[in-house]
Amino acid sequence: MADHLSITDSRNGKVYEVPIQDGTIKAMDLRQIKTGPEDFGLMTYDPAFMNTASCKSTITYIDGDKGILRYRGYPIEQLAEKSSYLEVAYLLLNGELPTEGQLKDFTSWTVRHSMLHENIKKFMEGFNHDAHPMGMLVSTVAALSTFYPDAKQIHDPDVRRRQIYRLIAKMPTIGAYGYRHRLGLPYVYPSEEFSYTGNFLAMMYKRLEKDYKVNPVLERALDILFILHADHEQNCGTNAMRSIGSSYADPYVSCAGAAAALYGPLHGGANEQVLTMLREIGSKEKIPAFIKDVKEGHGEKRLMGFGHRVYKNYDPRAKIIKQTAEQVFSVTGRNPLLDIAIELERIALEDEYFVKRKLYPNVDFYSGIIYQAMGFPTDAFTVLFAIPRTSGWLAQWEELLQDSDQKIARPRQIYLGHQTRDVVPIGQRH
Ligand code: ACO
């Protein structure tokens, strides 16, 4: 007999054989477990999806205990060393690394689509001067939906591809426009003379120079950071992307929803929080007192940039980012917060509280320090996460739409509220 789970229902002694496939049982197989015809059948209760696979995927593999991350089978370390962000985006979307010709085509597509409709520019001008960069990004990405009504044809692979290229191409432009808007600087149009990340840096930082040059070390460092952030299987933002996409909403509003999830301080907003925390600590001498506060805070005060739902080991992305930091600082000068971060990490990794809970630095612990050294404002850090994650969201969205197992995402609940009761007229209520 194939692998199966034998379940004995203690309520009536009935025995059920539930097949095991790929290390899982199907939750729907439990529905047959009933005490009688009126019984709805057994469900699982899994708030926050702690032990529930919501899809089958061939995109990203993580072994959280060993600290392994692979895109389409390629170790993240090799991709970060040997490829560019656009190669990785192509890989996530198509399953294979591009040939030179394929990369050239893909690059020219992303260049062609990098401009924004002038009305989008006007739309962005409407934001307050102090609007949060993620608020601007989320709403502008959603607004793109109104500019590309063809995007609704989500079952047409060619239409889908067009929106995917548009989104990947336009994200840096939206991010950069948001930055310039807050400073009151004129928006800089994208240009075909730069790489994907080079273009983003130019749109952010170009002032009056006739011949703006992108620093190659910073350009490559940002490209590596983009590679590391491109996908991370079923995290909160990607789950939002799939959940919204499952209702056949268009990819712009789905991406806006995913970006909104990313915005939260427990997810992509954590790198912003790390900097705030490091500044608050202020000096190495104050670290022990801070750690003490975290430990006594019983989960209320957290060491931001530490811990992960999946990694119970060093986050492999954090390792690469730490190395990249040195290259960036050779150009920008050393960010003094790095010394506090390194010392904080050293102390935390020796502390029983963190060791026992397997809390290690995650991707956000060092990325903010690099971004700050590169001149990005703290509250724009999550934008630097959303731009590269767009390729991952879209690869996951495509996979969802092609998966015949998928339906509209709609979890169950355990209802514990009142049973039927009668409405009392308002004047008689107390
Ligand atoms: N600092 C202190 N204690 C922590 C931390 C932390 N950063 N993270 C978890 N813990 C503790 C919890 O208090 C809990 O302790 P307890 O068992 O005594 O109650 C235990 O470790 C388990 O934590 P959970 O919250 O149950 O773990 P979960 O998997 O739900 O949370 C999360 C993962 C949200 C990432 C959490 O570790 C956290 O809040 N980290 C800080 C925020 C952060 O860096 N987020 C970025 C994650 S990476 C990303 O999204 C890109």
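Residues numbered from 1 in each chain as written. Predicted model: local features only at pLDDT ≥ 70, side-chain atom pairs only at ≥ 80, totals over all residues. Heavy atoms only, no water.

**Student:** So what's going on with the packing of helix α4 (residues 118-125) against helix α5 (residues 133-147)? Which residues, and what values?
**Tutor:** Closest axis-to-axis distance for the α4/α5 pair is 11 Å, and the angle between their directions is 145°. Our pair here, α4 against α5, has a crossing hand that is right-handed. Residues Asn119, Ile120, Phe123 and Met124 of α4 form the contact with α5, whose participating residues are Ser139, Thr140, Ala143, Leu144 and Phe147. A breakdown of the residues in the contact of α4 with α5 according to their chemical character gives 6 nonpolar, 3 polar and no charged. (Axes fitted to C-alpha atoms, helices over the stretch in contact; angles between N-to-C directions. Helix = DSSP H or I, 4+ residues; strand = E, 2+ residues; numbered from the N terminus. Left-handed = near helix turned anticlockwise from the far one by under 90°. Contact = heavy atoms within 4.5 Å. Nonpolar A, V, L, I, M, F, W, Y, C, P; charged D, E, K, R; others polar.)

**Student:** Which residues make up the site of the ligand, and what values go with them?
**Tutor:** Taken together, 20 residues form the shell around the ligand, and within it Arg302, Leu303, Gly305, Arg309 and Arg357 come nearest. Between leucine 266 and the ligand, the recorded distance is 3.2 Å, taken from a backbone N or O atom to a nitrogen atom. The separation between an oxygen atom of the ligand and a polar side-chain atom of histidine 267 is 2.9 Å. Coverage of the ligand by the protein amounts to 75% of the 920 Å² it exposes when considered alone. By residue class, the composition of the shell around the ligand is 10 nonpolar, 6 polar and 4 charged. (Near = heavy atom within 4 Å. Polar contact = N/O pair within 3.5 Å; in protein donor to acceptor, adjacent residues only side chain to side chain. Areas by Shrake-Rupley, 256 points an atom, 1.4 Å probe, with all protein chains shown as cover.)

**Student:** Quick rundown of the pairing of strand β1 (residues 4-8)? Include the residues and the values.
**Tutor:** Each regular strand shows side chains that alternate between the opposite faces of the sheet. Pairing of β1 with strand β2 (residues 15-19), which is carried by 5 bridges, proceeds in the antiparallel orientation. Counted as the bridge partner of serine 6 is glutamate 17 from β2. Counting the residues that bridge the hairpin from β1 to β2 gives 6 residues, and of these glycine 13 lies at a positive phi of roughly 80°. (Pairing = 2+ DSSP bridges.)

**Student:** Hey, could you go over the sheet that holds strand β5 (residues 74-75) for me, with residue numbers and the actual values?
**Tutor:** Reading across the sheet, the 3 strands line up as β3-β4-β5 and stay open at both edges, with antiparallel pairing between neighbours. Every other strand in the sheet has two partners, leaving β3 (60-63) and β5 as the edge strands with one partner each.

**Student:** Mind laying out the packing of aromatic side chains, listing which residues take part and the relevant values?
**Tutor:** Scanning the entire structure with this criterion turns up 20 aromatic pairs. A ring pair is formed by phenylalanine 194 and tyrosine 212, whose centres lie 6.4 Å apart and whose planes are at 80°; its orientation type is edge-to-face. Within this pair, whereas phenylalanine 194 is found in the loop between α6 (157-183) and α7 (196-205), its partner tyrosine 212 is found in the loop between α7 and α8 (216-229), the two being separated by 18 residues in sequence. Ring geometry for tyrosine 353 and phenylalanine 354: centres 5.0 Å apart, planes at 70°, overall edge-to-face. Pair check on accessibility: tyrosine 353 and phenylalanine 354 agree, each one buried. Grouped by ring-pair contacts, the aromatic residues Tyr85, Tyr179, Tyr196, Phe200, Tyr205, Phe226, Tyr371, Phe376 and Phe381 constitute a single cluster. One cation-aromatic arrangement involves arginine 112 over tryptophan 109; the distance from NZ or CZ to the ring centre is 4.9 Å. (Phe/Tyr/Trp six-rings, centres within 6.5 Å; stacked < 30°, edge-to-face > 60°. Buried < 20%, exposed > 50% of the residue type's maximum accessible area, 1.4 Å probe, protein only. Lys NZ or Arg CZ within 6 Å of the ring centre and 35° of its normal.)

**Student:** Residues and numbers for the pattern of salt bridges, please.
**Tutor:** Per the stated rule, a full pass over the model turns up 21 salt bridges. Put simply, aspartate 351 and lysine 295 hold a salt bridge, and the shortest N to O gap is 2.8 Å. Here aspartate 351, found in the loop between α14 (337-350) and α15 (352-356), pairs with lysine 295, found in helix α12 (residues 287-296); they are 56 residues apart in sequence, far enough to count as distant. The partner of arginine 334 in a salt bridge is glutamate 326, with the nearest N and O atoms 3.7 Å apart. Overall, the relative accessible area of 42% leaves arginine 334 in the partly exposed class. Residue glutamate 326 is classed as partly exposed on the basis of its relative accessible area of 42%. Within the structure, one salt-bridge network assembled from shared partners comprises Asp150, Arg162 and Arg166. (Salt bridge = Lys/Arg side-chain N within 4 Å of Asp/Glu carboxyl O.)

**Student:** Explain the nonpolar core residue by residue, including any values.
**Tutor:** Met277, Leu278, Leu303, Leu344 and Phe376 are the most contacted members of the largest nonpolar core, which totals 115 residues. Of all the elements, helix α17 (residues 381-401) adds the most residues to this core, at 12 residues. Excluding residues that lie within four positions of it along the chain, methionine 277 makes contacts with Phe290, Arg302, Leu303, Met304, Leu344 and Phe365. Judged by nonpolar contacts, the second largest core, of 5 residues, contains Ile7, Val18, Leu30 and Ile33. (Core = buried A, V, L, I, M, F, W, Y, C linked by side-chain atoms within 4.5 Å.)

**Student:** Tell me what's going on with a nonpolar patch on the surface, and back it up with residues and numbers.
**Tutor:** A cluster of nonpolar side chains, Phe40, Met43, Tyr45, Ile414 and Leu416, forms an exposed patch at the surface whose accessible area comes to about 580 Å². Tracing the backbone through its elements, the reader meets phenylalanine 40 in the loop between β2 and β3. (Patch = residues over 30% accessible without salt bridge, like charges linked within 9 Å, V, L, I, M, F, W, Y side chains within 5 Å.)

**Student:** Report on the environment of serine 195, specifying residues and quantitative values.
**Tutor:** Relative to the helices and strands, serine 195 is located in the loop between α6 and α7. Along the primary structure serine 195 and arginine 220 are separated by 25 residues, whereas in three dimensions their C-alpha atoms are 9.9 Å apart. A distance of 2.5 Å separates the side chain of serine 195 from the side chain of glutamate 219, its partner in a polar contact.

**Student:** Lay out α8 in plain terms, naming residues and giving numbers.
**Tutor:** With 14 residues, α8 ought to run about 20 Å at 1.5 Å a step, and its terminal C-alpha atoms sit 20 Å apart, in line with that. Along α8, the residues classified as buried are Leu218, Glu219, Ala221, Leu222, Asp223, Ile224, Leu225, Phe226, Ile227, Leu228 and His229. Looking at where α8 begins, the residue whose side-chain oxygen comes 2.8 Å from the main-chain nitrogen of valine 217 is asparagine 215. (Expected span 1.5 Å × (residues − 1).)

**Student:** Provide a residue-level description of the domain arrangement of the protein, including the pertinent values.
**Tutor:** Parsing the protein into structural domains produces domain 1 (76-265 + 383-389) and domain 2 (270-373). Listed as interface residues are 19 residues of domain 1 and, on the opposing side, 20 residues of domain 2. Counting the surface lost from both domain 1 and domain 2, the interface buries some 1,600 Å², and carbon and sulfur atoms represent 71% of this. When the buried surface of domain 1 facing domain 2 is broken down by residue, Leu225, Leu228 and His232 rank first, second and third, together holding 31% of it. Here domain 1 and domain 2 share 0 salt bridges between them. (Domains from an automatic or database assignment. Buried area = accessible area lost by both parts, 1.4 Å probe.)

**Student:** Please give an account of the environment of threonine 24 that cites residues and values.
**Tutor:** With respect to the element layout, threonine 24 can be found in the loop between β2 and β3. Remark: the alpha-carbon pair of threonine 24 and leucine 394, spanning 370 residues in sequence, is separated by 26 Å. At a separation of 2.8 Å, a polar atom in the side chain of threonine 24 contacts the main-chain carbonyl oxygen of glutamine 21.

**Student:** Outline the side chain of aspartate 223, supporting the account with residue identities and numerical values.
**Tutor:** Within the secondary structure, aspartate 223 is located in helix α8. Of the polar contacts made by the side chain of aspartate 223, one reaches the backbone nitrogen of tyrosine 85; its length is 2.9 Å. In this structure aspartate 223 touches Ser83, Ser84, Tyr85 and Thr197, once residues within four positions along its chain are discounted.

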